[in-house]
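# Report on the structure
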Amino acid sequence: MVRHDWTLEQLLELYETPFPDLMYQAQTVHRDNFTPTEVQRSTLLSVKTGGCPEDCAYCPQSAHYDTGVERHKVLPKEVVLAQAKSAQREGSTRFCMGAAWREVRDGKDFDEILELVRGVRNLGMEVCCTLGMLTEDQAARLKDAGCYAYNHNLDTSPEYYGEIITTRTYEERLETLRNVRKAGITVCCGGIVGMGEGTKDRLGLLAELSHQDPHPESVPINMLVRVEGTPLETESPVDPIDFVRLIAVARIVMPKSYVRLSAGRTDMSDEMQALCFLAGANSIFAGDKLLTTPNPGETHDRALMKKLGMHFREEAH
Ligand code: SAM
Ligand code: DTB
Ligand code: SF4
């Protein structure tokens, strides 16, 4: 049963369940809804990088911090399509284009993005975009161009949000998510672990996501990539078992959503990733780069799947 009324207390109770019982429960839910040996893959491309006016404390692309990320304007169509084709050849079913914008503005840049969406869609891939805040009309234009999913993260609990971002509100994030829904685009929405937040904030994020109706079709759980120059560069690493528990709770409370093991995999052992898959994670980012930071890459991920007797999902939606 899919529920939208999970309370923080219930999530805390799940989270504190003895590990074997929690894993058993998560596995049961996972197997009722998905093929447990299958993992979906998306490839990311930053189509507009750096110089973002927002002050997200984790982000290498914020103009507020000196991180050495090289800035560029919207990439030319031939460059993007070549990357998308190569991702498709390597077996990725979804292509996600990211822009370091606070919000989408109508005009030349957005027109170029729409053209990129049409181009990638024509290759037969699921197209995802993450471009910052959107109006209802902009969401409808993206949908028309063939955009299948929109990534817009809530990042953490409403209570902790102000510690991480001061240039926009939680309510503004929710507003964009409503606009995306209205346009009939599927929602990819999750957050980041390891920003100094407490367990209650991590679970508060999951509660918030689970209250959305319908649930986000895709829930990315990122483990902070600590980038030099950002205010969070010296945060302590996340305890792997805590992380796995969180994945299990996400799986249980959002039984039909893809739970995406997102940023931070280069700092995870194969064993930790295996536990995440057992806990119900069933999607990853493919390729050797996320937006601006490294990712394990094709060879490593294939070897991991082989060791685990698991495989990648072949079809796009
Ligand atoms: N500017 C748009 C926005 O913020 O929605 C789209 C791109 S933004 C880079 C996409 C997401 O990447 C953020 O919402 C955040 O959750 C995640 N992210 C950014 N930097 C990260 C980091 N260093 N570690 C983990 N996740 C990160
Ligand atoms: C998401 O939740 N994680 C991805 C995707 N959505 C766009 C981005 C991770 C970015 C990590 C930092 C970087 O590479 O710049
Ligand atoms: Fe980074 Fe997006 Fe925040 Fe801009 S809005 S600083 S790109 S996470």
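Residues numbered from 1 in each chain as written. Chains lettered and ligands numbered in written order. Predicted model: local features only at pLDDT ≥ 70, side-chain atom pairs only at ≥ 80, totals over all residues. Heavy atoms only, no water.

## Some points on the pairing of strand β3 (residues 126-130)
- Burial within β3 is extensive, with five of its five residues counted as buried.
- Sheet analysis places strand β2 (residues 94-99) next to β3, joined by five bridges and oriented parallel. Residue G98 lies in a different strand from β3, and its bridge partner there is T130.
- After leaving β2, the chain enters helix α4 (residues 108-122) and then returns to the sheet as β3, a path that is right-handed.
- As paired strands, β3 and strand β4 (residues 149-151) are joined by two bridges and run parallel to one another. The partner of C129 across the bridge, within β4, is Y150.
- At this point the chain moves from β3, through helix α5 (residues 136-145), to the parallel β4, and the crossover so formed is right-handed. (Buried < 20%, exposed > 50% of the residue type's maximum accessible area, 1.4 Å probe, protein only. Helix = DSSP H or I, 4+ residues; strand = E, 2+ residues; numbered from the N terminus. Pairing = 2+ DSSP bridges. Right-handed = clockwise from strand over helix to strand, strands pointing away.)

## A look at the site of ligand 3
- The immediate surroundings of ligand 3 are formed by C52, E54, C56, Y58, C59, S62, A100, W101 and R168.
- Split into classes, the residues belonging to the shell around ligand 3 amount to six nonpolar, one polar and two charged. (Near = heavy atom within 4 Å. Nonpolar A, V, L, I, M, F, W, Y, C, P; charged D, E, K, R; others polar.)

## Re the pattern of salt bridges
- With the rule as written, the count across this model stands at 22 salt bridges.
- Between R141 and D111 there is a salt bridge, with the nearest N and O atoms lying 3.1 Å from each other. Separated by 30 residues along the polypeptide, R141 in helix α5 and D111 in helix α4 bring together distant segments of the chain.
- Note that E298 and R302 form a salt bridge whose closest N and O atoms lie 2.7 Å from each other. Remark: R302 and E298 occur in helix α11 (residues 298-308); sequence separation between them is four residues, near one turn of the helix.
- By sharing partners, the salt bridges in this structure join E54, R102, E103, R105, R168 and E172 into a single network. (Salt bridge = Lys/Arg side-chain N within 4 Å of Asp/Glu carboxyl O.)

## As for the packing of aromatic side chains
- Evaluation of the coordinates by the stated rule reveals two aromatic pairs.
- Look at F34 and Y258: their rings are 5.1 Å apart centre to centre, the planes differ by 65°, and that puts the pair in the edge-to-face class. Taken as a pair, F34 in the loop between α2 (19-33) and β1 (38-48) and Y258 in strand β8 (residues 258-261) lie far apart in primary sequence, 224 residues in all. When sorted by exposure, F34 lands in the same class as Y258, which is buried.
- Ring plane angle 85° and centroid distance 5.1 Å describe the contact between Y161 and Y170, whose orientation is recorded as edge-to-face. (Phe/Tyr/Trp six-rings, centres within 6.5 Å; stacked < 30°, edge-to-face > 60°.)

## Considering the packing of α4 against α5
- Taken N-terminus to C-terminus, the directions of α4 and α5 make an angle of 30°; their axes are 8 Å apart at the nearest point. Between α4 and α5, the interaxial angle falls into the category roughly parallel. Across from F110, D111, L114, V117, R118 and R121 in α4, the residues of α5 making contact are Q138, R141, L142 and A145.
- Residues of the contact of α4 with α5, tallied by class, amount to five nonpolar, one polar and four charged. (Axes fitted to C-alpha atoms, helices over the stretch in contact; angles between N-to-C directions. Parallel < 35°, antiparallel > 145°, perpendicular 65-115°, else oblique. Contact = heavy atoms within 4.5 Å.)

## A look at the side chain of S157
- If you trace the backbone, S157 turns up in the loop between β4 and α6 (158-164).
- Sequence-distant contacts of S157, defined by excluding residues within four places in its chain, comprise Y170, D201, G204 and L205.

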